[in-house]
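Structure at a glance
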Amino acid sequence: MTTSMPTASARNHFLDALRGIAALLVLLTHLQSSLVAFYSGGWLAAHPVAISVLEHGAIGVDVFFLISGFIVFLSARRVIHAVRGVRIFLIKRFLRIFLPYWPIALVLGAAYALLPGLSATADPMQVNLLESLTLIPGGDYSLSVAWTLTFEVFFYLLLGVALALRRPRWRWCCIAAPSLFAVVLLVMGVSPGFAQATSPATLLASPYQLEFLLGCAVALLTAQRWPQMAVLRSSVPLQFGL
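Bear in mind the structure is a predicted one, so any value in this text is a computation, not a measurement.

1. A short note on helix H3 (residues 59–78)
Here H3 spans 29 Å end to end across 20 residues, near enough to the 28 Å set by a 1.5 Å rise per residue. Most of H3 is tucked away: 15 of the 20 residues are buried.

2. Brief notes about the side chain of serine 75
With respect to the helices and strands, serine 75 occurs in helix H3. Those residues in contact with serine 75 that sit more than four places away from it in its chain are Phe89 and Arg93.

3. Here's the deal with the packing of aromatic side chains
Describing an aromatic ring pair means giving the distance of the ring centres and the angle of the ring planes. Evaluation of the coordinates by the stated rule reveals 14 aromatic pairs. Ring plane angle 35° and centroid distance 5.5 Å describe the contact between phenylalanine 73 and tryptophan 172, whose orientation is recorded as tilted. Here the residue phenylalanine 73 occupies a position in helix H3, and tryptophan 172 occupies one in helix H7 (residues 168–188), the gap between them amounting to 99 residues. For phenylalanine 73, a relative accessible area of 9% puts it in the buried group. Plain terms: the ring middles of phenylalanine 155 and phenylalanine 212 are 4.0 Å apart, the flat faces sit at 10° to each other, and that makes the pair stacked. Of the two residues, phenylalanine 155 sits in helix H6 (residues 147–164) while phenylalanine 212 sits in helix H9 (residues 208–225), which places them 57 residues apart along the sequence. Like phenylalanine 155, the residue phenylalanine 212 is buried in the burial classification. Among the aromatic side chains, those forming a connected cluster through ring pairs are Phe65, Trp147, Phe151, Phe154, Phe155, Phe194, Tyr208 and Phe212.

4. Topic: the environment of isoleucine 104
Along the polypeptide, isoleucine 104 turns up in helix H4 (residues 85–114). Along the primary structure isoleucine 104 and leucine 133 are separated by 29 residues, whereas in three dimensions their C-alpha atoms are 10.0 Å apart.

About the cut-offs
- Residues numbered from 1 in each chain as written.
- Predicted model: local features only at pLDDT ≥ 70, side-chain atom pairs only at ≥ 80, totals over all residues.
- Heavy atoms only, no water.
- Helix = DSSP H or I, 4+ residues; strand = E, 2+ residues; numbered from the N terminus.
- Expected span 1.5 Å × (residues − 1).
- Buried < 20%, exposed > 50% of the residue type's maximum accessible area, 1.4 Å probe, protein only.
- Contact = heavy atoms within 4.5 Å.
- Phe/Tyr/Trp six-rings, centres within 6.5 Å; stacked < 30°, edge-to-face > 60°.

Here is the structure:
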């Protein structure tokens, strides 16, 4: 028996709401750090409890990576049998990140060079233009929060490689490999932890890989059990607010 596919205009409103909440949590965290940095004598700086509460908004990053695994997996699943499916998938995914991101990275890089006091934390002399534009793991980005996009790019490449494999078992081995590596390092006590990737090695070893894998697994279960919930069509992705 076949299940009719929802129309292309359908949206997953639950994911829209979840991304909105995650974006708000992350925004509050960044707002807290900016207010404390620029107004060290202000009300917020004098109330460590309020700072601690707002800092926990960083959990929104974890929510975004879970959602990313869910969405990217379903996007890859759509083109798995298409001619040039891997190319279509990667081009679309990269355009969604880099087209909005490049103008922001360039403008911020120029702004920090011309107005060094614009940021209380970013050193304009340490901004690496190559890393900023390519999102290579390193951390010297003109947009400091772009480190989350570095993980997104890696997730896209990982799914692209998995799509190129012929057998489903091989695809899942490819998707799960970084997560298994991260688990081994966690058990050994040498994990880099939930932090920005400063090198390709720390990117591969990051526990964030587990969140992406979990998102993929939930997407597979959802598509098989509740196909009507696997409908996605989002506008500009909210992960740019991280």
